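In case you want the letters, here they are:
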Amino acid sequence: MTFEQLKLIPPILKALAKENYTQPTPIQEQAIPPVLAGRDLFGCAQTGTGKTAAFLLPIIQLLSAQQGRPSGKRVIRSLILTPTRELAIQISDNFKAYGRFLNLRSAVIVGGVSQKAQEQALEQGMDILIATPGRLIDLMNQGFADLRHVQILVLDEADRMLDMGFIHDMRRIIAKLPAKRQTLFFSATMPPEITSLVDSLLTNPMKIEITPVSSTAERIKQALYFVDKPNKLPLLIDLLQDKSIESALVFTRTKHGADRLVRGLTKAKITAQAIHGDKSQNARQAALNNFKQGVTRMLVATDIAARGIDIEELSHVINYNLPNIPETYVHRIGRTGRAGLSGIAISFCEYEEIPYLKDIEKLIKQKIPVIGDHPYPMTINESTPTAVSETRTSVTSSEDRVTRGPNRNDSAGRKGTFEGSGRRRKRRS
Ligand code: AMP
């Protein structure tokens, strides 16, 4: 299938050629025709599938086909709601690329930066507004954002917006939109709240499901290291002696954990920066740019901050902590396998994370290959008193919230996986 066959107009085809997109991804193939035909869409797809172009290309085409504007000033004809600033900026960058040969204007409205420029952009008018819900609500309450002309609404990463507590803001925003509109809804997972939101917002939607989470894991080479918590940093430093790991995105569970890890890596002369919700927008962007340009070797991120950041050709993902939500594991490692590239995902599992591992392996329907031969094998097991008395610190924000996994006794069944790894091997020099 080609983009021409999807009946995209020449200025868009030209822009895609400039981006070196030779053929549509599966979600683009399936989503573009119904969206061009005006249908609602429900896409179950995650970042990395090409979902942004799947909604932007038909939106650009539909809006540019409309002759004239209702008044002299541009009005917001499409609203794209997305959970994070990074994702909003990425969508905006993609829009600029795909719409470069057409006369459409967009603006980004996100928190964490001054409101002034956003007020001015709204004042001047735009065709497409890309926004995170919190700041948009603020501007709506102050009378700056007029959503009465919106024809196409996109809810991008809706599950993540729910996770981040945006549901009320989302509903308040949607209440201000015309009832007669086209709605495109994307979510990587399908918890019950998503199903009910889909039912309430979409009319006879075209449903598309891309890459069920379990199959993403099949393309990616995975490796698991059982290691005691205090030895994770030494193990990581040891692994990074391998120069073939030119760069890696490292996931920690908490913001504090991310900062701690950056300090540890820096001390070991491994360049690293963190990207998480406590960092200013500028600091996050700078960290991302440094990583993309190879100034830093490691980008350490929490899940929320990492969601949506677009890094091409990422070869390694390292799970410094295993996530407590198994789908998150698939999202994380899926970041290495973009645009047909295969990647390597390395995971560290401490004693307390064994239940998470169990959940992950159940979801991906495979056992992650264990690397038993390493310098810091796990020594804690269920007979070690510290293993059961250890508690996690309490936390303050969504990125730091830690949900305890299933009953720790579940780990008994995993014992065999790391049995025999109790001997210590001499550290590689
Ligand atoms: P997304 O899932 O929208 O975050 O897209 C993932 C990455 O794939 C982005 O870097 C896009 O620029 C890229 N991409 C999207 N569609 C295509 C395509 N048809 N061919 C090549 N790359 C693409």
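What counts and how
- Residues numbered from 1 in each chain as written.
- Predicted model: local features only at pLDDT ≥ 70, side-chain atom pairs only at ≥ 80, totals over all residues.
- Heavy atoms only, no water.
- Pairing = 2+ DSSP bridges.
- Helix = DSSP H or I, 4+ residues; strand = E, 2+ residues; numbered from the N terminus.
- Axes fitted to C-alpha atoms, helices over the stretch in contact; angles between N-to-C directions.
- Buried < 20%, exposed > 50% of the residue type's maximum accessible area, 1.4 Å probe, protein only.
- Contact = heavy atoms within 4.5 Å.
- Near = heavy atom within 4 Å.
- Polar contact = N/O pair within 3.5 Å; in protein donor to acceptor, adjacent residues only side chain to side chain.
- Areas by Shrake-Rupley, 256 points an atom, 1.4 Å probe, with all protein chains shown as cover.
- Nonpolar A, V, L, I, M, F, W, Y, C, P; charged D, E, K, R; others polar.
- pLDDT = per-residue confidence, 0-100.
- Core = buried A, V, L, I, M, F, W, Y, C linked by side-chain atoms within 4.5 Å.
- Phe/Tyr/Trp six-rings, centres within 6.5 Å; stacked < 30°, edge-to-face > 60°.
- Left-handed = near helix turned anticlockwise from the far one by under 90°.

1. Looking at the sheet that holds strand S5 (residues 152–155)
- What the seven strands build is an open sheet, ordered S3-S4-S2-S5-S6-S1-S7; its pairing is parallel. Whereas interior strands pair on both sides, the edge strands pair on one side only; in this sheet they are strand S3 (106–109) and strand S7 (206–209). The average undirected angle you get between the axes of adjacent strands in this sheet is 10°.
- Pairing analysis gives four bridges linking strand S2 (residues 78–81) to S5, with the strands arranged parallel. By the bridge assignment for S5, leucine 79 is matched with leucine 153.

2. A few points about helix H11 (residues 232–239)
- H11 sits mainly inside the fold: six of its eight residues count as buried.
- What H11 keeps buried is the set Lys232, Leu235, Leu236, Ile237, Asp238 and Leu239.
- Looking at the buried positions of H11, the neighbouring elements they touch are strand S8 (221–226), helix H12 (255–267), strand S12 (316–319) and strand S13 (344–349).

3. Side note on the site of the ligand
- Around the ligand sit 15 residues, and of these Tyr21, Gln28, Gly48, Gly50 and Thr52 come closest.
- In the model, an oxygen atom of the ligand is placed 2.5 Å from a nitrogen or oxygen of the tyrosine 21 side chain.
- The side chain of threonine 52 places a nitrogen or oxygen atom 2.5 Å from an oxygen atom of the ligand.
- Relative to its unbound accessible surface of 500 Å², the ligand loses 87% to contact with the protein.
- Tallied by class, the residues present in the shell around the ligand amount to three nonpolar, nine polar and three charged.

4. Some thoughts on the confidence of the model for the protein
- When pLDDT is averaged along the protein, the result is 84, and 83% of the positions lie at 70 or above.
- The low-confidence segment residues 386–429 (pLDDT under 50) makes 79 contacts with residues lying over four places distant or belonging to another chain.

5. Notes on the nonpolar core
- With 39 residues, the main nonpolar core has Leu8, Phe55, Leu57 and Leu184 as its most contacted residues.
- Those elements that provide at least two residues to this core are helix H1 (10–18), helix H2 (26–36), helix H3 (51–65), helix H4 (85–98), strand S4 (128–131), S5 and strand S6 (182–187).
- Sorting elements by how many residues they give to this core places H3 first, with eight residues.
- Setting aside anything within four residues of it in sequence, one finds phenylalanine 55 in contact with Ile80, Ile91, Val154, Asp156, Leu184 and Phe186.
- Listed in part, the 35 residues of the second largest apolar core include Leu81, Val150, Phe185 and Leu202.

6. A look at unusual backbone geometry
- Positive phi outside glycine occurs at lysine 269, with the angle close to 65°.
- Mapped onto the fold, lysine 269 is located in the loop between H12 and strand S10 (272–275).
- Phi at lysine 365 is positive, roughly 55°, even though this residue is not glycine.
- Structurally, lysine 365 is set in the loop between helix H16 (354–364) and helix H17 (385–389).
- Lysine 365 gets classed as exposed once you look at its relative accessible area, which sits at 69%.

7. Description of the sheet that holds strand S9 (residues 248–251)
- Ordered in space as S8-S13-S12-S9-S11-S10, the six strands form an open sheet in which the pairing is parallel. Two strands bound the open sheet, and with one partner strand each, they are S8 and S10. Direction aside, neighbouring strands of the sheet carry axes that sit 20° apart on average.
- Sheet topology places S9 next to strand S11 (residues 298–301); four bridges connect them, and they run parallel. Its bridge partner lying in S11, valine 250 is registered against valine 300.

8. Notes on the packing of aromatic side chains
- Evaluation of the coordinates by the stated rule reveals five aromatic pairs.
- Seen in terms of ring centroids, tyrosine 320 and phenylalanine 348 are 6.0 Å apart; in terms of plane orientation they differ by 50°. Their pairing is tilted. Note that tyrosine 320 is positioned in the loop between S12 and helix H15 (326–334) and phenylalanine 348 in strand S13, a separation of 28 residues in sequence.
- Its relative accessible area of 11% is what places tyrosine 320 among the buried residues.
- Three or more aromatic residues joined by ring pairs make a cluster, and in this case those are Tyr225, Tyr320 and Phe348.

9. A few points about the pairing of S12
- Burial of S12 is two-sided: the residues His316 and Ile318 facing one way and the residues Val317 and Asn319 facing the other way are all buried.
- Across three bridges, S9 lies against S12 in parallel orientation. If you follow leucine 249 over to S12, its bridge partner there is valine 317.
- With four bridges joining them, S12 and S13 adopt parallel strand pairing. Bridge assignment links valine 317 to a residue of S13, and that residue is alanine 345.

10. Notes on the packing of H4 against helix H13 (residues 281–292)
- Direction vectors running N to C along H4 and H13 enclose 65°, while the axes themselves pass 11 Å from each other. Judged by the sense of rotation from one axis to the other, the crossing of H4 with H13 is right-handed. Taking contact as the criterion, the partners of Arg85, Glu86 and Ile89 in H4 are, on H13, Gln281, Arg284 and Gln285.
- Class assignment of the residues belonging to the contact of H4 with H13 gives a composition of one nonpolar, two polar and three charged.

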